[in-house]
Amino acid sequence: MLITGATLADGRVRDVRIGDDGRIDAVAEGLGADGGERVLEARGRHLLPGAVDVHVHFREPGGGHKETWTSGSESAAAGGVTTVVDQPNTSPPTVDGAAFDEKAALAADSLVDYGINGGVTPDWDPEELFDRRLFALGEVFLADSTGDMGIDADLFADALDEASARDVPVTVHAEDATLFDDGALNGDLGGVGTAATANAWSAYRTADAEVAAVERALATAAERDAQLHVAHTSTPEAVDAVTEAREGGSGADEDGSDADTALVTCEVTPHHLYLSRERARSLGTFGRMNPPLRSEERREALFARLAAGDVDVVATDHAPHTVEEKRRGLVDAPSGVPGVETLYPLLLESARTGELSLERVRNVVAANPAEIFGLDRKGRVAAGRDADLVLVDIADPREIEAAALHSAPAWTPFEGLRGVFPEVTLVRGEVVYERDPATGAASFGEPVGRNVRES
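Residues numbered from 1 in each chain as written. Predicted model: local features only at pLDDT ≥ 70, side-chain atom pairs only at ≥ 80, totals over all residues. Heavy atoms only, no water.

What follows concerns the pairing of strand 6 (residues 51-56). Burial analysis of strand 6 places six of its six residues in the buried class, the great majority of the element. Two strands pair when backbone bridges link them, and strand 6 and strand 7 (residues 81-86) are joined in this way by four bridges, in the parallel orientation. Bridge pairing in strand 7 links Asp53 to Val84. Handedness of the crossover joining strand 6 and strand 7 through helix 1 (residues 69-78): right-handed. (Buried < 20%, exposed > 50% of the residue type's maximum accessible area, 1.4 Å probe, protein only. Helix = DSSP H or I, 4+ residues; strand = E, 2+ residues; numbered from the N terminus. Pairing = 2+ DSSP bridges. Right-handed = clockwise from strand over helix to strand, strands pointing away.)

Written as structure tokens, this is what we have:
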């Protein structure tokens, strides 16, 4: 394929040639078409690296009624995500070799490339896990969430030792359950659409519980020289703790990412960047997630840290549940929201309105996660890289509607917000998603996904 006249994230207009091996052969001006090449005219549109979403829950095995590798990867492709990393809290949990192999067999249905994380419980088998093509260890839960995989401090330290000895990064879900406020769940919590639910869950799983757990996790990792990635930080204070723990400063590296070279990094989710208790009260139990939505003041401060460069990665914590499950009362409804399809669109809309630079968006969804997790062929539009590419018209935003999305649960917490959606998504040069901007008609390609640790 030859893509002509595309505008890159840094504003350069270039042609991009993709070879038969699925890698980018050249990024240059004035490239002529060879015989047999499909030519994709991209003038007036942006060509971006496919997003690397390092935090998804595609629910298989054990939860295929919520999401499958087919539906989840279609949703990813339609949103411009070309690599996903699945977390271990499935059924069975991915804590030994047999569970990893079972999930890997299911992942063969993925349209996009993928990684599979290994989990930690008292019953985990590190030797079997590390013998597999593991992406990372985690998310390691320091407090229970979906799947009840919370562990104590001693087991966390042991897990860091095991991972550090093998140079495997660790992703941590950092909340301190001893600082949860059980009193916040007393009284009349109301139904699915009341303000009480949004406020009560946030008051229960307190901001202090996150900050304290992040600080302890950082200290434990520092003692072991372990590479630690803090998942879904929901407070500016937690981001600040990560920033302070880094060695050296942040700044763009020679490859164009702005990932810090230290062993400590953090991610923030779109729901913590774009939703808050004040703005999402109508969600009720559909807005229950761990960690929970915070105040509008904290949301604004978190977004400011993203814009300033303190946030390394934006990842979705895509955690789908059915409408029926989310309609249970606050205490019984499962935590989590879908989001893999709206990651790039929401951030691209922020670039369109000037809240973020397009290069910043590219870095936090593609260049940085690829750099942090050692994906040398992902994350950039450059010769020699995989042709994981997304073509978008940034001047053409549209309202986010659940009916137009592809995740199995068919609902979104971002209903009514605006996003810039892809026209074409490529994985290693293969078209996995294509949408006609005039008619809206869309089509998906074949499942070409591979384990990124095997390619």
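Once the structure has been displayed, the description carries forward.
Right, let's talk about the sheet that holds strand 8 (residues 113-116) for a bit. Reading across the sheet, the three strands line up as 6-7-8 and stay open at both edges, with parallel pairing between neighbours. Both edges of this open sheet fall to strand 6 and strand 8, since each of them pairs with a single strand only. In this sheet, neighbouring strand axes are inclined to one another by 20 degrees on average, regardless of whether the strands run parallel or antiparallel. The sheet contact formed by strand 7 and strand 8 spans four bridges and is parallel. Each bridged residue has a counterpart across the sheet, and for Val85 the counterpart in strand 8 is Gly115. On top of the sheet, helix 1 reaches strand 7 and strand 8; it is set at about 140 degrees to strand 7, its chief contact. (Axes fitted to C-alpha atoms, helices over the stretch in contact; angles between N-to-C directions. Contact = heavy atoms within 4.5 Å.)

With 13 residues, helix 9 (residues 296-308) should cover 18 Å at 1.5 Å per step; its first-to-last C-alpha distance of 18 Å lies within 8% of that length. On its buried face, helix 9 sits against helix 7 (236-245), strand 12 (264-268), helix 8 (270-274), strand 13 (313-314), helix 11 (343-352) and helix 12 (358-372). Where helix 9 terminates, the next one or two residues include Gly309, which has phi positive at roughly 100 degrees. (Expected span 1.5 Å × (residues − 1).)

Between two packed helices, the angle of one axis relative to the other and the distance separating the axes together describe the packing. Two elements in contact, helix 6 (residues 207-224) and helix 7, have axes whose closest approach is 9 Å; the angle formed by their N-to-C orientations is 15 degrees. Classed by the angle they form, the pair helix 6 and helix 7 counts as roughly parallel. Once helix 6 is placed against helix 7, the crossing between them reads as right-handed. Seen from helix 6, the contacting residues are Glu210, Val211, Val214, Glu215 and Leu218; seen from helix 7, they are Glu237, Ala238, Ala241, Val242 and Ala245. Of the residues belonging to the contact of helix 6 with helix 7, the class tally is seven nonpolar, no polar and three charged. (Parallel < 35°, antiparallel > 145°, perpendicular 65-115°, else oblique. Left-handed = near helix turned anticlockwise from the far one by under 90°. Nonpolar A, V, L, I, M, F, W, Y, C, P; charged D, E, K, R; others polar.)

Another point: the packing of helix 7 against helix 9. Contact pair helix 7 / helix 9: the axes reach a minimum separation of 8 Å and the direction vectors enclose 30 degrees. With respect to helix 9, the element helix 7 is oriented roughly parallel. Two secondary-structure elements touch here, helix 7 through Pro236, Glu237, Val239 and Asp240 and helix 9 through Arg298, Ala301, Leu302 and Arg305. Across the contact of helix 7 with helix 9, the residue classes break down as four nonpolar, no polar and four charged.

This paragraph deals with the pattern of salt bridges. Summed over the entire model, instances satisfying the criterion amount to 27 salt bridges. Of the charged contacts, one joins Asp312 and Arg246 as a salt bridge, the two residues approaching to 2.2 Å between their closest N and O atoms. Of this pair, Asp312 sits in the loop between helix 9 and strand 13 while Arg246 sits in the loop between helix 7 and strand 12, and the two are 66 residues apart along the sequence. Given a relative accessible area of 10%, Arg246 falls into the buried group. The shortest N-O distance in the salt bridge between Lys378 and Asp388 comes to 2.8 Å. (Salt bridge = Lys/Arg side-chain N within 4 Å of Asp/Glu carboxyl O.)

With that settled, consider the packing of aromatic side chains. For any pair of aromatic rings, geometry is given as the distance between the ring centres together with the angle between the planes. Per the counting criterion, the structure on display carries nine aromatic pairs. Aromatic side chains Trp69 and Tyr114 sit 5.5 Å apart centroid to centroid with 65 degrees between the ring planes, which places their arrangement in the edge-to-face category. On the criterion of sequence distance, the pair formed by Trp69 in helix 1 and Tyr114 in strand 8 is long-range, its members being 45 residues apart. With a relative accessible area of 0%, Trp69 lands in the buried category. Judged by its relative accessible area of 7%, Tyr114 falls in the buried class. A ring pair is formed by Trp124 and Phe130, whose centres lie 6.4 Å apart and whose planes are at 75 degrees; its orientation type is edge-to-face. (Phe/Tyr/Trp six-rings, centres within 6.5 Å; stacked < 30°, edge-to-face > 60°.)

Counting through the fold element by element, Val431 comes out in strand 18 (residues 430-435). As a C-alpha pair, Val431 and Gly445 span 14 residues in sequence and 6.0 Å in three-dimensional space. Contacts of Val431, omitting those with residues within four sequence positions, involve Met1, Arg38, Val424, Thr425, Leu426 and Gly445.

Within the secondary structure, Asp113 sits in strand 8. Residue Asp113 is classed as buried on the basis of its relative accessible area, which comes to 2%. Within the local environment of Asp113, its side chain forms a polar contact with the side chain of Lys378, the two groups lying 2.6 Å apart. (Polar contact = N/O pair within 3.5 Å; in protein donor to acceptor, adjacent residues only side chain to side chain.)

Bringing the sheet that holds strand 11 (residues 228-230) into the picture now. Ordered by their spatial adjacency, five strands build an open sheet running 9-10-11-12-13, and the pairing between neighbours is parallel. Edge positions in the sheet fall to strand 9 (137-141) and strand 13, since each has one partner strand and no second. Helix 6 rests against strand 10 (170-173), strand 11 and strand 12 of the sheet, and its axis sits at about 170 degrees to strand 11.

Val84, Leu228 and Leu347 are the most contacted members of the largest nonpolar core, which has 93 residues in total. Ranked by the residues each element gives to this core, the list is headed by helix 11, at six residues. Not counting residues within four places of it along the chain, the set of residues in contact with Leu347 comprises Tyr274, Leu306, Val314, Leu356, Val361, Val364 and Val365. Core analysis: the next-biggest nonpolar cluster, separate from the first, contains 16 residues, Ala6, Val16, Leu47 and Val381 among them. (Core = buried A, V, L, I, M, F, W, Y, C linked by side-chain atoms within 4.5 Å.)

As a further point, take unusual backbone geometry. The omega angle of the peptide bond from Ser91 to Pro92 is 5 degrees, so this bond is cis rather than trans. Among the structural elements, Pro92 can be located in the loop between strand 7 and helix 2 (97-107). In this structure, the amide linkage connecting Gly138 to the following residue, Glu139, adopts the cis form with an omega of 5 degrees. With respect to the secondary-structure elements, Glu139 resides in strand 9.

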